[in-house]
Amino acid sequence: MKVFKDLFKIEKKPRKGLLAVEWVVLAYMLLTTVVILFTYTKAINPESMLWGRFRILVTMAALWVVYKMVPCRFTFFCRIGLHLALLSWWYPDTYEINRIFPNFDHVFASWEQQIFGCQPALLFYEALPSIFISEPLIIGYSGYFPLIAVVSLFYFFCRYQEFERATFIILASFFLYYVVFVLLPVTGPQYYYAVVGLDNIANGIFPDIGTHFALHQDKLPIPGDPNGFFHQLLEAAHETGERPTAAFPSSHVGITVILSILAWKARNKPLFILTLVFLVLINLATIYLRAHYVIDIIAGWITAIVIYTFLHFFARKFV
């Protein structure tokens, strides 16, 4: 009952102006809108992308008005929760922009071959095809967005004074990754291997496919037993929201590293252990499921630490 009352208790000192999260979203919207306008004649769905941004802007304004009228924890959460919920909308949007640029998978696959002498994403599943391996890894991979929700809600209910700062770090990290995804079209093995053929990949042949993904989204089947329960769920999710985009660096790994740091900072052992379990599973799953090259994983760790350090410093000063 007390938690419910706190949700709707009017704040004595309501936030003024826009939140840091909202400024981040506006900055990303402005940047990508400029890119869309400059590439308007090449873009496939420019009107849809611009209309989507307008609707988000209107919704942001409406929630700001509601919060001004009823400044409480619930309306404050709605302002931030909107953008957490829209992360899955922004992800395929990166494809709509970067599909007009040449693909760089041949470069990354070549680097992978030079560094490791093979393609780990090709060999990992073949070495361990058991459903007892694939299903747990798929669970870990699929738990990515729920884990974001768990960490965010923990801060909201248990460390409310730090909620805005924590969610700012999460959301700003996402949008920094999205900027890279927009400007650096790398699809990952599941898409690139499907286009050039597994025989070429096995023989170390990595052709340049140019702008193939501008009009095609062909990909390999998800590794694992097609009859597996979580395999089927992931297939359904891929059909709905997956696109040939966002491989380098791995935001799955990067964001999960950041969530683990936030859980550690929260000094909550069960939450920290939960994030670590998913971090291990996600690191393995991204290669096993052929979503990423190993160098994407390495870059995910490096960028996560750099991004968190920068955003944490910024948040302490301004959020």
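Residues numbered from 1 in each chain as written. Predicted model: local features only at pLDDT ≥ 70, side-chain atom pairs only at ≥ 80, totals over all residues. Heavy atoms only, no water.

### Examining the overall build of the protein
Line of reasoning, step 1. On a plain count of helices and strands, the protein comes out with 16 helices and zero strands.
Line of reasoning, step 2. Here the C-alpha radius of gyration of the protein, 21 Å, is about what a compact globule of 319 residues would show, namely 20 Å.
Line of reasoning, step 3. Its C-alpha atoms give the protein principal-axis dimensions of roughly 65 × 50 × 35 Å.
Line of reasoning, step 4. Counting all 319 residues of the protein, 50% fall into the buried class.
Line of reasoning, step 5. Sequence separation of 24 or more characterises 83% of the internal contacts of the protein that already satisfy a separation of 6 or more.
Line of reasoning, step 6. Each charge class in the protein was averaged separately, 24 positive and 20 negative side chains, and the resulting centres sit 21 Å apart. (Helix = DSSP H or I, 4+ residues; strand = E, 2+ residues; numbered from the N terminus. Rg over C-alpha atoms; globule rule 2.2 N^0.38 Å. Buried < 20%, exposed > 50% of the residue type's maximum accessible area, 1.4 Å probe, protein only. Contact = heavy atoms within 4.5 Å. Lys, Arg positive; Asp, Glu negative; His and termini not counted. Charge placed at Lys NZ, Arg CZ, Asp CG, Glu CD.)

### Here we look at a positive patch on the surface
Line of reasoning, step 1. Where like charges cluster on the molecular surface, the positive patch consists of K265, R267, R316 and K317.
Line of reasoning, step 2. Locating K265 in the fold gives a position in helix α14 (residues 251-265).
Line of reasoning, step 3. Judged by relative accessible area, K265 falls into the partly exposed class, the value being 36%. (Patch = residues over 30% accessible without salt bridge, like charges linked within 9 Å, V, L, I, M, F, W, Y side chains within 5 Å. Areas by Shrake-Rupley, 256 points an atom, 1.4 Å probe, with all protein chains shown as cover. Salt bridge = Lys/Arg side-chain N within 4 Å of Asp/Glu carboxyl O.)

### Some details on the side chain of E11
Line of reasoning, step 1. You can see E11 is positioned in the loop between α1 (2-8) and α2 (20-38).
Line of reasoning, step 2. Separated by 3.1 Å, the side chains of E11 and Y160 make a polar contact. (Polar contact = N/O pair within 3.5 Å; in protein donor to acceptor, adjacent residues only side chain to side chain.)

### What to know about the packing of aromatic side chains
Line of reasoning, step 1. A complete count under the given rule lists 31 aromatic pairs for this structure.
Line of reasoning, step 2. Centroid distance Y28 to Y178: 6.3 Å. Interplanar angle 50°. Geometry classified as tilted. In this pair, Y28 is assigned in helix α2 and Y178 in helix α10 (residues 163-183), connecting sequence segments 150 residues apart.
Line of reasoning, step 3. A relative accessible area of 3% places Y28 in the buried class.
Line of reasoning, step 4. Exposure remark for Y178: the relative accessible area of 1% places this residue in the buried category.
Line of reasoning, step 5. An aromatic cluster is present here, built from Y28, W89, W90, Y144, F145, F174, F175, Y177, Y178 and F181 joined pairwise through their rings.
Line of reasoning, step 6. Between the NZ or CZ atom of R15 and the centre of the ring of F76, over which it lies, the distance is 4.4 Å. (Phe/Tyr/Trp six-rings, centres within 6.5 Å; stacked < 30°, edge-to-face > 60°. Lys NZ or Arg CZ within 6 Å of the ring centre and 35° of its normal.)

### With respect to unusual backbone geometry
Line of reasoning, step 1. Here the amide bond leading from F248 into P249 is cis, since omega sits at -15°, within 30 degrees of zero.
Line of reasoning, step 2. For A246, which is not glycine, the phi dihedral falls at a positive 65°.
Line of reasoning, step 3. Tracing the backbone shows A246 in the loop between α13 (229-241) and α14.
Line of reasoning, step 4. Its identity is not glycine, yet R267 carries a phi of approximately 60°, on the positive side.
Line of reasoning, step 5. Note that R267 resides in the loop between α14 and α15 (269-288).
Line of reasoning, step 6. Residue R267 is classed as exposed on the basis of its relative accessible area of 79%.

### Remarks on a nonpolar patch on the surface
Line of reasoning, step 1. A cluster of nonpolar residues, W111, I115, F116, I298, W301, I302, I305 and V306, forms a patch on the protein surface that exposes about 780 Å² of accessible area.
Line of reasoning, step 2. Those elements that place two or more of their residues in the nonpolar patch are α6 (105-116) and α16 (294-318).
Line of reasoning, step 3. If you tally residues by element for the nonpolar patch, the top one is α16, at five residues.
Line of reasoning, step 4. With respect to the helices and strands, the residue W301 is situated in helix α16.
Line of reasoning, step 5. For W301, a relative accessible area of 35% puts it in the partly exposed group.

### Some words on the packing of helix α3 (residues 46-69) against helix α5 (residues 87-98)
Line of reasoning, step 1. Contact geometry for α3 and α5: axes closest at 11 Å, N-to-C directions at 150°. Regarding the angle of α3 to α5, the classification is roughly antiparallel. Relative to α5, α3 is oriented so that their crossing is left-handed. From α3, M49, G52, R53 and I56 reach across to α5, where they touch W89, W90, D93, E96 and I97.
Line of reasoning, step 2. Residues of the contact of α3 with α5, tallied by class, amount to five nonpolar, one polar and three charged. (Axes fitted to C-alpha atoms, helices over the stretch in contact; angles between N-to-C directions. Parallel < 35°, antiparallel > 145°, perpendicular 65-115°, else oblique. Left-handed = near helix turned anticlockwise from the far one by under 90°. Nonpolar A, V, L, I, M, F, W, Y, C, P; charged D, E, K, R; others polar.)

### Details of empty space enclosed by the protein
Line of reasoning, step 1. Enumeration according to the criterion identifies one cavity of 30 Å³ or more in this entry.
Line of reasoning, step 2. Taken as a whole, the largest cavity encloses approximately 50 Å³ of empty space.
Line of reasoning, step 3. Lining the largest cavity are Y95, N98, R99, F101, N103, P185, T187, G210, T211, F213 and P244.
Line of reasoning, step 4. Residue composition of the lining of the largest cavity, by class: five nonpolar, five polar and one charged. (1 Å grid on protein atoms, 1.4 Å probe; cavity = no way out; pocket = protein on both sides within 12 Å on 5 of 7 lines; lining within 4 Å. Points joined across faces, edges and corners; volume = space filled by probe spheres on them.)

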